[in-house]
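# Remarks on the overall topology
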Amino acid sequence: TLVRDRLLAALKRSTASLEKERARQIARVKQLENERRRLVRAHLEGAVPVDLLKEEQDRLTEEMAQAQRQLNLTEIDWDTVENNLTLALGLVSDCQQAYRRGGPRVRRRYNQAFWKAVYVDDDGDSYARLADPVAAVLPPETTAKLEGPEDMKNPDRQDADRGSSKHDLVGAEGLEPPTSAL
């Protein structure tokens, strides 16, 4: 649960700007509702003719709809986020077992999720490039061990960033995902 709590806290920190935007849009909707009420009062008092009332009502209706759409974009269902995070952590808690139980399509997807590319040189030595999300969460010493020594990094390769998601560099029986990555 420590990993789960840390990931959830990081997600909440990363959505802080959404919360600010949400508060801004809520204030905008309230402002437009108040403007609409003032417009109706002004019309009832005879200060605003019917044709201008209609024009302003249409403008306010469109602005309220736009503000509501923006507000909807900032809505985060934290229950769903927490449930999905729990499910995802369950899947990665024993990657090796899930990998072995899965068929060729499942194994290929695991390979594509964990590995950007796998290289084998003429001597049969192999090394790999971890996919960005995996490389970001693993400790540097684990990443270094999985990607191989620095002298095997093949700096002059021609196909930079073309991994197993684009080509069948790793088939169904390829490298297995790291065990207990998290």
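Going by the structure above, here's the rest.
Residues numbered from 1 in each chain as written. Predicted model: local features only at pLDDT ≥ 70, side-chain atom pairs only at ≥ 80, totals over all residues. Heavy atoms only, no water.

## Comments concerning helix 2 (residues 16-44)
Each α-helix turn comprises 3.6 residues. Residues three or four places apart therefore point the same way. The following threshold applies: For helices the rule is a DSSP run of H or I covering at least 4 residues; for strands it is a run of E covering at least 2, with both sets numbered from the N terminus onward. To estimate how far a helix should reach, multiply one less than its number of residues by 1.5 Å. Burial here depends on accessible area, computed with a 1.4 Å probe over protein chains only, as a share of the maximum for the residue type. Under 20% is buried, over 50% is exposed, and the range in between is partly exposed. When checking whether two residues touch, look at their non-hydrogen atoms; a contact exists if any pair is within 4.5 Å.
Given a rise of 1.5 Å per residue, 29 residues ought to cover 42 Å, and the 43 Å separating the end C-alpha atoms of helix 2 matches this to within 8%. Where helix 2 is concerned, the buried positions are Q25, V29, L32, L39 and A42. For helix 2, the elements touching its buried residues are helix 3 (50-73). Just downstream of helix 2 lies G46, where phi reads positive at about 85 degrees.

## Quick notes on the nonpolar core
Definition in use: Here, nonpolar core means buried Ala, Val, Leu, Ile, Met, Phe, Trp, Tyr and Cys residues that are tied together by side-chain atoms lying within 4.5 Å of each other.
In terms of nonpolar packing, the biggest core is built from 11 residues, these being C95, A98, Y99, Y110, F114, W115, V118, A128, L130, V134 and L138. Counting only elements with at least two residues in this core, the list comes to helix 5 (95-101), helix 6 (104-114), strand 1 (115-120) and strand 2 (126-130). At 3 residues, helix 5 tops the list of elements feeding residues into this core. Among the nonpolar cores identified, the runner-up in size contains 9 residues, and V29, V48, L60 and A67 belong to it.

## Quick word on the environment of K116
Relative to the assigned elements, K116 resides in strand 1. Relative accessible area serves as the criterion here: at 25%, K116 is assigned to the partly exposed category. The spacing of K116 and V134 is 18 residues in sequence and 9.8 Å in space, taken between C-alpha atoms.

## Concerning the packing of aromatic side chains
What counts here: To pair, rings of Phe, Tyr and Trp, with the six-membered ring standing in for Trp, must have centres within 6.5 Å; the planes then decide the type, stacked if under 30 degrees apart, edge-to-face if over 60, and tilted in the middle. Lysine and arginine charges are scored as sitting over a ring when NZ or CZ, respectively, is within 6 Å of the ring centre and within 35 degrees of the ring normal.
Taken as a whole and assessed by the stated rule, the structure comprises 3 aromatic pairs. Their ring planes at 85 degrees and their centres at 6.3 Å tell us that Y99 and Y110 sit as a pair that is edge-to-face. Here Y99, found in helix 5, pairs with Y110, found in helix 6; they are 11 residues apart in sequence, far enough to count as distant. Overall, Y99 belongs to the buried group, its relative accessible area being 3%. Through a chain of ring-to-ring contacts, three or more aromatic side chains come together here, namely Y99, Y110 and F114. In this arrangement the basic side chain of K12 is found over the ring face of W78, its NZ or CZ atom lying 5.2 Å from the centre.

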